[in-house]
Amino acid sequence: MRNFSLLVVVCALALTDASDCCAQNAPAGTTPSGKQSKPAAKPGATPPATPSAKPAAAPAAKPATSPTTKGQTAGGKATAAAKAPAEPAVPAEKPKSVYVVPMGVRGKGVFGLDIHAQPYGAVVKDIDEKKPDVVVFILDSADLDSVRYLGDDPRKFGMFDDDSMRALSRDLHEVVDRNGCDAVMIIRDAVGYSALLGLNWANMYMTESARLAGLSRIKERTEVEDPEVRAKFREAFVGICNGFLVAGGYNPSIGLAMMRDDKMLSATFKGREIVWTEDASGTWVVDGSTDRITANFNAELAEELGLSDGTVSDDPATMIDDMMYQRGYRAFERMPEDGALIVNEYIEGWRKALADIVEAYPKYEEALGDATGPNEKKFVQKAKSILESVLSKLKRYPAIEMKLRQEFGITKLEIETEILRLQERLRGLNKSGSQPTGGGRQRGGGGIGAGS
């Protein structure tokens, strides 16, 4: 029994010696378990601790930042985060700035009047100043609600001044190119000459109910009696109009079929490419007759034939969102003051000025009729003042003259001439006891008007 007790004591001493031996032979900076530990202090800097002293708490270890230690445990093993490659930080996408330019608005989109070169000069300057990422043109102009011969009001037909419209197209293309803008056309409706502007831009979308039609109106400008002159005039005018399509990157054969009833149009798909032909031999016949039919497009047909890049919502609240999403823009901000402010102000301005002129004209006639007897000078002066007010509005809004000429047969030149006549009449009245000189009317009546 005593021998057994001695044996237990010997074994315990042996185990204690072995543990001390392992601790003495272990590498510096490791625990008995083999995991690396952080040294408490620099060698020789720490005095030996007394038995009563509590060990100081070691400061928290900073995470390693070198490539050889990032993502490793204290024992050198890679963690799960270290095994997976670090994902690069994705910067937040900067919202695209969007600048909207209306070309007509619903119910107020008369080509040549509401859509006139005048306000777009200010739009060009505004784009140069603000430099937006995306410029969105929204076209809404229809001369004809159905067909011209079934009750459409000719007074609502647009008028095409090819020189000013070509200058307008050139200036808008130059400003978007100069500022590196992404230019997009959205067609809400384009019937008549406005279709030329719809096809003037390569990036084009149509709303669900949009139409692209009515270019047969060019016949109104080319109808002359002499067949040889008519043919030459037609070729020249069609070439001018097709210049808008060429600027937008569209095949001129499309324009010919839209403008001339003696031309046909069909399309053939070769892979992703569409080949247009001026006959009915293609797999998709758009216009297969020469019997007074011209090519027209709705949103579905235009998208299927590749004329448009897609179809977007007709709701103004979601139209631009829909288009931007289709173009791959996930974040955008519309500029608070863009071309809509300029164009809408112009449309309201010229229409109010025209209404004032229409209201003033009967007052002018009344004053001219009252210009007799002792009150002649007073009412001649009143008639002259009314015409001078009309003339100032004509100079401010040149589009009004086209409207006056179209509806009333009155031109700016006639108004200027009548003002000069009234001035001469007043000069004669100012000469005591003399008759008016010049060509002025002496006793009421007369004046300018339709057929004058």
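For every chain, the first residue of its written sequence is number 1, and the numbers climb from 1 along that sequence. Local features in a predicted model are, by the rule used here, given only for residues with pLDDT of at least 70; side-chain atom pairs are given and counted only at 80 or more, and totals for whole chains, interfaces and linings are based on all residues. Processing note: side-chain calculations cover all non-hydrogen atoms of the structure and skip hydrogens and water entirely.

## Things to note about unusual backbone geometry
Residues other than glycine seldom take positive phi values, yet Lys131 does so here, at roughly 50 degrees. Secondary structure counts use DSSP, requiring at least four H or I residues in a row for a helix and at least two E residues in a row for a strand, with both numbered from the N terminus. With respect to the helices, strands and loops of the structure, Lys131 is situated in the loop between helix H3 (117-130) and strand S2 (134-142).

## Let's talk about the pairing of strand S6 (residues 265-270)
Being paired, for any two strands, means DSSP has found at least two bridges between them. In the sheet, S6 pairs with strand S8 (residues 284-287) via 3 bridges, with the strands oriented antiparallel. Its bridge partner being in S8, Ala267 is matched across the sheet by Trp284. Here S6 pairs with strand S7 (residues 273-277) via 5 bridges, running antiparallel. Bridge assignment links Thr268 to a residue of S7, and that residue is Val275. Hairpin connection between S6 and S7: a loop of 2 residues separates the two successive antiparallel strands, and Gly271 in this loop has a positive phi of roughly 70 degrees.

## Digging into the packing of helix H4 (residues 162-178) against helix H7 (residues 227-248)
Relative to each other, H4 and H7 sit at 10 degrees, their axes nearing to 11 Å. Judged on the interaxial angle alone, H7 and H4 are roughly parallel. Where H4 approaches H7, its residues Asp162, Met165, Arg166, Ser169 and His173 are matched on the opposing element by Ile240, Phe244 and Ala247. Residues that form the contact of H4 with H7 fall into these classes: 4 nonpolar, 2 polar and 2 charged. Helix axes are fitted only over the stretch in contact, all axes being lines through C-alpha atoms; the angle between N-to-C directions runs from 0 to 180 degrees. If an angle is under 35 degrees, it is roughly parallel; if it is over 145, roughly antiparallel; if it lies from 65 to 115, roughly perpendicular; otherwise it is oblique. Should any heavy atoms of two residues lie within 4.5 Å, those residues are considered in contact. Side-chain classes are defined by residue name, with Ala, Val, Leu, Ile, Met, Phe, Trp, Tyr, Cys and Pro counting as nonpolar, Asp, Glu, Lys and Arg as charged, and the others, Gly among them, as polar.

## Focus: the pattern of salt bridges
Salt bridges are defined by distance alone: a side-chain nitrogen of Lys or Arg within 4 Å of a carboxyl oxygen of Asp or Glu. Under the counting rule described, the total for this entry stands at 29 salt bridges. Measuring nitrogen to oxygen at the nearest pair gives 3.6 Å for the salt bridge that ties Asp261 to Lys219. Highlighted residues: Asp261 in the loop between helix H8 (252-259) and S6 and Lys219 in helix H6 (residues 219-222), separated in sequence by 42 residues. Burial classes follow relative accessibility: with a 1.4 Å probe on protein chains only, a residue under 20% of its type's maximum area counts as buried, one over 50% as exposed, and anything between as partly exposed. Owing to a relative accessible area of 18%, Asp261 belongs among the buried residues under this scheme. Between Arg334 and Asp338 there is a salt bridge, and its shortest N-O distance comes to 2.8 Å. What you see here is one network of salt bridges that share partners, running through Arg106, Asp140, Arg188 and Asp314.

## Some points on the nonpolar core
In a soluble, globular protein the nonpolar side chains are often hidden away together inside. Leu212 and Phe297 are the most contacted members of the largest nonpolar core, which totals 92 residues. Within the second largest apolar cluster, 14 residues are counted, among which are Val184, Ile186, Met319 and Ile320. Nonpolar core, defined: a set of buried Ala, Val, Leu, Ile, Met, Phe, Trp, Tyr and Cys residues in which side-chain atoms within 4.5 Å join the residues together.

## Here we look at the packing of aromatic side chains
To pair, rings of Phe, Tyr and Trp, with the six-membered ring standing in for Trp, must have centres within 6.5 Å; the planes then decide the type, stacked if under 30 degrees apart, edge-to-face if over 60, and tilted in the middle. One pass over the full model with this rule turns up 9 aromatic pairs. Judged by centre distance (6.0 Å) and plane angle (40 degrees), the ring pair of Phe111 and Phe160 falls under tilted. Of this pair, Phe111 sits in the loop between strand S1 (96-103) and H3 while Phe160 is found in the loop between S2 and H4, placing the two residues 49 residues apart along the sequence. Given the relative accessible area of 1%, Phe111 is considered buried.

## So, the sheet that holds S8
With antiparallel pairing, 3 strands are arranged side by side in an open sheet as S7-S6-S8. Each edge of the sheet is formed by a strand with only one pairing partner; in this case those strands are S7 and S8. Strand-to-strand, the axes of this sheet are offset by a mean angle of 25 degrees, without reference to chain direction.

## As for helix H11 (residues 339-370)
To estimate the expected span of a helix, count its residues, drop one, and scale the result by 1.5 Å. In this model, H11 (32 residues) spans 47 Å end to end at C-alpha, consistent with the 46 Å of a helix rising 1.5 Å per residue. Two axes define the bend at a residue: one fitted to the seven residues ending there, one fitted to the seven starting there, and the bend is the angle between them. Approximately 25 degrees is the largest bend angle found in H11, and it occurs at Ala360, with the proline Pro362 only one to four residues beyond. Near the N-terminus of H11, the side chain that reaches the backbone nitrogen of Ala340, with its oxygen 3.1 Å away, is that of Asp338. For this analysis, a polar contact is any N or O atom pair within 3.5 Å, provided that within protein one partner can donate a hydrogen and the other can accept it, and provided that sequence-adjacent residues contribute only side-chain to side-chain pairs.

## Regarding the confidence of the model for the chain
Per-residue pLDDT for the chain averages 80, and the proportion of residues at 70 or more is 72%. Averaged pLDDT values for the elements of the chain fall to 43 in helix H1 (residues 2-25) and rise to 98 in strand S4 (residues 204-207). On a range of 0 to 100, pLDDT expresses the predictor's confidence in each residue. This model gives residues 1-83 a pLDDT under 50, and the stretch forms 22 contacts once residues within four places in sequence are excluded.

## Quick word on the environment of Ala210
Mapped onto the elements of the fold, Ala210 is located in the loop between S4 and strand S5 (211-213). Classification of Ala210 as buried rests on a relative accessible area of 1%. Measuring from C-alpha to C-alpha, the distance between Ala210 and Val312 comes to 9.9 Å, with 102 residues separating the pair along the chain. Those residues within four positions of Ala210 in sequence are excluded, and the remaining contacts are Ile187, Arg188, Asp189, Asn298 and Ala299.

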